[in-house]
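Coordinate inspection notes
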Amino acid sequence: MTRRTYNIAMVSDFFFPQPGGIESHIYQLATKLIDRGHKVIIITHAYDDRKGIRYLTNGLKVYHVPFFVIYRATTFPTVLSCFPILRNIFIRERIEIVHGHGSLSSLCHEGILHGRTMGLRTVFTDHSLFGFADAASILTNKLLKFILSDVDHSICVSHTCKENTVLRASLDPLMVSVIPNAVVADNFRPKDQPATSPPGPNFALDAPHYPPPQRFGPRDIITIVVISRLFYNKGTDLLIAAIPRVLENHPNTRFIIAGSGPKAIDLEQMIETNVLQDRVEMLGPVRHEEVRDVMVRGHIYLHPSLTEAFGTVIVEAASCGLYVVCTQVGGIPEVLPSHMTTFSKPEEDDVVLATGKAITAMRAGKIRTEKFHDQVKKMYSWQNVALRTERVYDGISGTIPEDDFYGLDPGGYNGSRIRNFTLIDRLKRYYGCGIWAGKLFCLVVVVDYLFFLFLEWWFPRENIDICHDWPYKRLVDDDADADSKKGAHSNRSSTSQGGTKLE
Amino acid sequence: MPSPTDDETSFPSLNGSASLHAFGRSHLSPDDAFTSPPRPLRSERSRSRRRKRPWKKLMWVKQSYPDNYTDQATFLENLQRNPRLKPYDFWPLVADSTVILQHVCSVIIFIVCFVGIFKERVSPVSVTSWSSGATFLGWILWERWLSEADDQDELGGVAATVTGRSGSMRRPGRAGSIRRPPPLRVDSAPSTAGPSAAPSAASSTTNLHLAVRWPQSGSTTSLASHNGSGLSHSLSHTPRASQEHLPELPPPFPVEENRSHQRLETIKSALLIYCTLLGLSPILKSLTKSTSIDSIWAMSFWLLAMNIFFFDYSGGVGAKFPASLSTNAALMASTVLASRLPSTNHVFSLTLFSIEVFGLFPVFRRYVRHFSWKFHVLSSILLVMGAGLGVGLILGDTKATGGGWPWKSGIVGMVVGVLIAGLATGGCSWWLIGLQKYKNEIRGPWDPARPIILSRPRWDDDS
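Now for a description of the structure that goes with this document. Note that this is a predicted model, so its numbers are computed, not measured.

1. Some words on the sheet that holds strand 12 (residues 253–258) of chain A
Residue and element names in this part refer to chain A. One open sheet accounts for six strands, arranged 13-12-11-14-15-16; its pairing is parallel. Among the strands making up the open sheet, the edge pair consists of strand 13 (280–284) and strand 16 (341–344). Going from strand to strand, the sheet's axes swing by 20° on average, the running direction of each strand aside. In terms of strand pairing, strand 12 meets strand 13 through four bridges, oriented parallel. The partner of Ile256 across the bridge, within strand 13, is Glu281.

Below, the structure written as structure tokens:
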């Protein structure tokens, strides 16, 4: 009895070589899922000369499909044009689960739509928060509603994000899981800690290997680090207003600001007007690998963002042993425990006050920042994320019984949450999207289905080569106890045959 | 939120008590999170044995709940619906909509005047002279209001008596405009505008690449500066200072001297505009000779529509260059229309008239609304009646009256105009209030926060 493994296709417009949160999320999740024995491929669009198939570390296969890129690395939203090549890839790779990322990625939406038409299970991960007021949001939300009407399960990165997605796409809250992002804690070590993590799976809080708590004399410099893109929604205006006041109230403090963006000029202007050149250091853009080196130069991390779905950067900062001062917006309050953070309202006065409190607490030696790294390491890890994502896969593919997966429903829900593939049932789900939109969506789905039948006839399934899997050495199953709980219905070869058929 | 170790063990606690009803609904709406019935007590008890700790909306804690667990108590608890909804009242809404009504009516009056000139029923010279006279009257009125405002600022306590006096002074001017002959009364209203808008009109026309190009750019700057200082009652002569509206600054030297200086400047700038237009008229006359007449109609229709749609209806008294797109569109429309007229005299008259209607009159209307509500209502009524009357007169059959004015159809037009205006403002207001029940604005923690920043000018001043 082995644990059931899946062939998973991660579909998103956003992937390496472009840097960013979604990109690293996909990469980390994929590698960890591969470690757990699944087969994962990534489908994204071509970046410049990066076309075709690439292999990344650990046999992670990336399809850079040459789609037309329209805006900020997002492909042009044609509804049907990707279908032939996506179908080809799905069949080639014997995909069972299509996992789309990012609600602004049209490639992800198309992958999910066509995947459903081909009779595959689909999962969607939402990484961002959207409002409801402006025209762009309304359009995006309608599109999201269309796609998520028929998706098997959605994943959000924070509870706030879940509420947002449930509202935007009118979803059943039980069909949305919250699985946070994680950090590679070893990449974000405090300054004094050696590269190799200390041995032993569990260590007590007062383990001997901790460096002694940092003591600040009244003359010691406390450094506040800010790393963010300097945009309006990252709260740079708050930062600009707060920095002179913080520096005025607290001598022997200084700022290090990394990042670039349209607000950088305002920041520089503020520095010049207040003559703070020797106390505020602007580093400009830094690469993600260098973030840790910047962070460990400081003692407090200030994050004045105005909206944030998860806020990976504050976890990274805490992992580096920095005390975090952040605005209480979006999903941020859920991310870190209160002994690592000071929250402030997104108001200038409150940011100044909170930063002042943090500086005072640091000087008083009340904050044991040297313990943060190990605590964060226990809170967030990609292995955990992969494990929890795997449970979602198990749930939608029926490995975990439905009652078990969705649990008790107090809302009074009808029979099955397992989305079947019958066209009429799919149309019923799409029809509920709106008076006009519902009919339009139904039309699109019917056309998509006819296109699928055409493709099945024109490019028969038998003529598509099945590609070889990467020859993995199977890891020693260290979670045998978890396996025994699951009724492993089949091994990989049998599941891959079933996945490509219409049910 | 399960950890790698405890999630597998905790999930079985959910099954068994799953009560799934069989009615066909594919989604839960967001409201269902609120309205859903409370959990059965039996399961609550069995749960409490196994789960000591309640679910928390935190991600850093390892919780023994599945990832898709939805806490009925806290899910969407921060959702706000229509947090800043201000219900409209009917009559204030109608009163506010008169601003739009006034503007539409003044555009109609302009068109009526053009048609009158085009059909050679009205002499262009009379239109221009009446409207210029009215503009002059309006300017005097405006001057008086400004000085009253100054007096009120200075005296404070005796403001009431001043207002009383001014009310009596105001009426003759207005009454004079009412007693005019009907076709001219139509344009008398738009032309009563203060000079404060002269620079705005002038600078707008500088943008009008088609026709009106001011050769002396320096003069427009000086106009702007004077207008600004006139508004702000200060004598800061640099254009930059005048752009900033600084009413609280005390005048550096006596108000009277200041004012007479301004008046002189205003008269100078008015003369300048007058002369420039006079010089430009021959050019404008032949501007669209090669264009067919129907495209001129279409173009001017769209331009005037643009003027109505992009007009700055909300602007207060202090607005510097209100809605330049709108003003430019209107002036372009008038230029295009004027170029179809037969003589230089016609062209000059219509262009000057359009500057008065589209450039100066909106500013004057704004002041009227600011200083006296009664007067605002009166002018709205007059505008509506004038527009209706004008349309009636233009559409009326001249032959029936033997070349004279078709008064009967004019009266009918006036009645119809008043009726339409009343129905439109009342109906639209009522409709808007009725539509409010569909308003569903959703706010929550996912919305970008609005930062409150106090000390923004801090480092501007320090420099």
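2. Section: unusual backbone geometry
In this model, Phe16(A) is joined to Pro17(A) through a cis peptide bond whose omega is 15°. Along the polypeptide, Pro17(A) turns up in the loop between strand 1 (7–11) and helix 1 (21–35). Notably, Ser170(A) is not glycine yet its phi reads approximately 50°, a positive angle. Judged by relative accessible area, which is 16%, Ser170(A) ranks as buried. At Leu76(B), a position not held by glycine, the phi torsion is positive, near 60°. Relative to the assigned elements, Leu76(B) resides in the loop between helix 3 (41–50) and strand 1 (80–81). For Leu76(B), a relative accessible area of 0% puts it in the buried group.

3. Examining the side chain of Thr399(A)
Residues and elements named next belong to chain A. If you trace the backbone, Thr399 turns up in the loop between helix 12 (382–396) and helix 13 (402–406). For Thr399, a relative accessible area of 7% corresponds to the buried category. Within the structure, Thr399 has its side chain in polar contact with the side chain of Arg4 (distance 3.3 Å).

4. Here we look at the pattern of salt bridges
All names here are of chain A. Tallying each qualifying case throughout the model produces 32 salt bridges over all chains. Where Arg36 meets Glu390, a salt bridge forms, and the shortest distance between an N and an O atom there is 2.8 Å. A residue pair is termed long-range when its members are at least 10 positions apart, and Arg36 in the loop between helix 1 and strand 2 (39–45) and Glu390 in helix 12 qualify at 354 residues. The exposure classification of Arg36 matches that of Glu390, with both residues buried. For the salt bridge of Glu281 with Arg297, the shortest nitrogen-to-oxygen distance reads 3.0 Å. Residue Glu281 is located in strand 13, and its partner Arg297 is located in the loop between helix 8 (291–295) and strand 14 (300–303); the two are separated by 16 residues in the primary sequence. Classification of Glu281 as partly exposed rests on a relative accessible area of 25%. Overall, Arg297 belongs to the partly exposed group, its relative accessible area being 37%. Connected through shared salt-bridge partners, Arg116, Arg121, Asp150, Asp152, Arg426 and Arg429 make up one network.

Conventions and cut-offs
- Residues numbered from 1 in each chain as written.
- Chains lettered and ligands numbered in written order.
- Predicted model: local features only at pLDDT ≥ 70, side-chain atom pairs only at ≥ 80, totals over all residues.
- Heavy atoms only, no water.
- Pairing = 2+ DSSP bridges.
- Helix = DSSP H or I, 4+ residues; strand = E, 2+ residues; numbered from the N terminus.
- Axes fitted to C-alpha atoms, helices over the stretch in contact; angles between N-to-C directions.
- Buried < 20%, exposed > 50% of the residue type's maximum accessible area, 1.4 Å probe, protein only.
- Polar contact = N/O pair within 3.5 Å; in protein donor to acceptor, adjacent residues only side chain to side chain.
- Salt bridge = Lys/Arg side-chain N within 4 Å of Asp/Glu carboxyl O.

Everything listed here is a matter of coordinates, which is why it stays silent on function.
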